[in-house]
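Coordinate analysis (summary)
Here are the chains, one letter per residue:
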Amino acid sequence: MDQAITAEPERVRIHLSARAAGPGAQAVGKAADAKQPVVRIDWREELAKAAGEVFDVMVGAPLTAPPEPRPPFIPDFAAMVGIAGSMCGLVNLRTTADCARSITAKMLGGDEVGAAEAAQDAFGEVCNMIAGSFKGRISGLADGCALSVPTVIFGRDFTLFSLARGEHYEVTFEFEGKLLSVSLDLQG
Amino acid sequence: MKPVNVLIVDDSSVMRKIVGRSLRQAGLDLVQVLEASNGSEALSLARENPLDLILSDINMPLMDGLEFVRQLRGIESAQHTPVVMITTEAGEGHVVQALSLGASGYIRKPFTPEQIKERVIPLLRG
């Protein structure tokens, strides 16, 4: 991972822009012409499946539904991967630093977790794999889109502001008693 | 199976550890495990060390995995070294491009140790 932005203690606002969606985007979400059937994609479901696959296979511990009523969730650890090409957007994974360390420890198994950089590295990579798995699930996106290198932000007081300004989809999970959310911002 | 020298190329140090662990779980006798965080570092290591196997990510800063494979095949001692791409880029176009540039195999992240074993062992058997 080559980027990490510290967001503590100052308030940080991050602007992320995405290129205009190309013609391929129509074929994904809408009928390209009147003869083609409209393909409706449940973005939240695909996002949840992608996250579930990554945690099952690479982290070795499943994501589960969060408890209801949901306890307060103040994430202070976030990773982002941009999607650009026939569809433009941003995949964002958020949790607490404690949960990020747990994920890292699980991924590394008996290996030494080491410095805080390991948690940033692991969390960014998990987000990267979720974004990759997600785009692999949507017909036309696997080759039609590229992923950015992950960016990791930690600290309590930051706001993510995506210039995509389109649709927002978010799924919240529980991981070993800690909350974690995955979101997708699509360019409008 | 004979002991092998391996180069693992990934910008994530955690992924490099996981790939190394998966190779050991696959039963490989690893004499030496070299690590690089981008294609440029990997090329330097490939020029200086005899390698039996390379596993490389694609999306990396400075030099990506595709350019690494392309330049690797220009190094006489590494022309026939098996290179397996391990990446989130799972599109058919990426696979075709990697194989056409000289990659020997392709594994999509997330991966299981069994998938590593299935792809890597046949390459080492020649």
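Residues numbered from 1 in each chain as written. Chains lettered and ligands numbered in written order. Predicted model: local features only at pLDDT ≥ 70, side-chain atom pairs only at ≥ 80, totals over all residues. Heavy atoms only, no water.

Scanning chain B from terminus to terminus reveals five helices and five strands. When the helices and strands of chain B are read in sequence order from the N terminus, they spell out β-α-β-α-β-α-β-α-β-α. For a compact globule of 126 residues, the expected C-alpha radius of gyration is about 14 Å, and chain B comes in at 13 Å, within 12% of that figure. Based on the C-alpha atoms only, the size of chain B along its principal axes is roughly 30 × 30 × 25 Å. The buried share among the 126 residues of chain B stands at 54%. Counting contacts in chain B only where the partners sit at least 6 residues apart, residues at least 24 apart contribute 65% of the total. Accessible surface, chain B: about 5,400 Å² in total, of which carbon and sulfur atoms supply 47%. (Helix = DSSP H or I, 4+ residues; strand = E, 2+ residues; numbered from the N terminus. Rg over C-alpha atoms; globule rule 2.2 N^0.38 Å. Buried < 20%, exposed > 50% of the residue type's maximum accessible area, 1.4 Å probe, protein only. Contact = heavy atoms within 4.5 Å. Areas by Shrake-Rupley, 256 points an atom, 1.4 Å probe, with all protein chains shown as cover.)

Nonpolar side chains in soluble globular proteins tend to end up buried together. Ranked by size, the top nonpolar core spans 65 residues in total, and within it A:Ile103, A:Ile130 and B:Leu23 carry the most contacts. What A:Ile130 contacts, discounting residues up to four positions off in sequence, is A:Ala50, A:Ala51, A:Val54, A:Phe55, A:Val91, A:Leu93 and A:Val182. Listed in part, the 24 residues of the second largest apolar core include B:Leu43, B:Leu66, B:Ala103 and B:Tyr106. (Core = buried A, V, L, I, M, F, W, Y, C linked by side-chain atoms within 4.5 Å.)

This brings us to the sheet that holds strand 2 (residues 30-36) of chain B. All names here are of chain B. Taken in spatial order, the five strands line up as 2-1-3-4-5 in an open sheet, and their pairing is parallel. The strands lining the two open edges of the sheet, one partner per strand, are strand 2 and strand 5 (105-108). Across the sheet, the mean angle separating the axes of adjacent strands is 20° when strand polarity is ignored. In terms of strand pairing, strand 1 (residues 4-9) meets strand 3 (residues 53-56) through four bridges, oriented parallel. Residue pairing across strands places leucine 7 opposite isoleucine 54, the latter belonging to strand 3. Against the sheet, helix 3 (residues 65-72) contacts strand 1, strand 3 and strand 4 (83-87), and its axis sits at roughly 175° relative to strand 4. (Pairing = 2+ DSSP bridges. Axes fitted to C-alpha atoms, helices over the stretch in contact; angles between N-to-C directions.)

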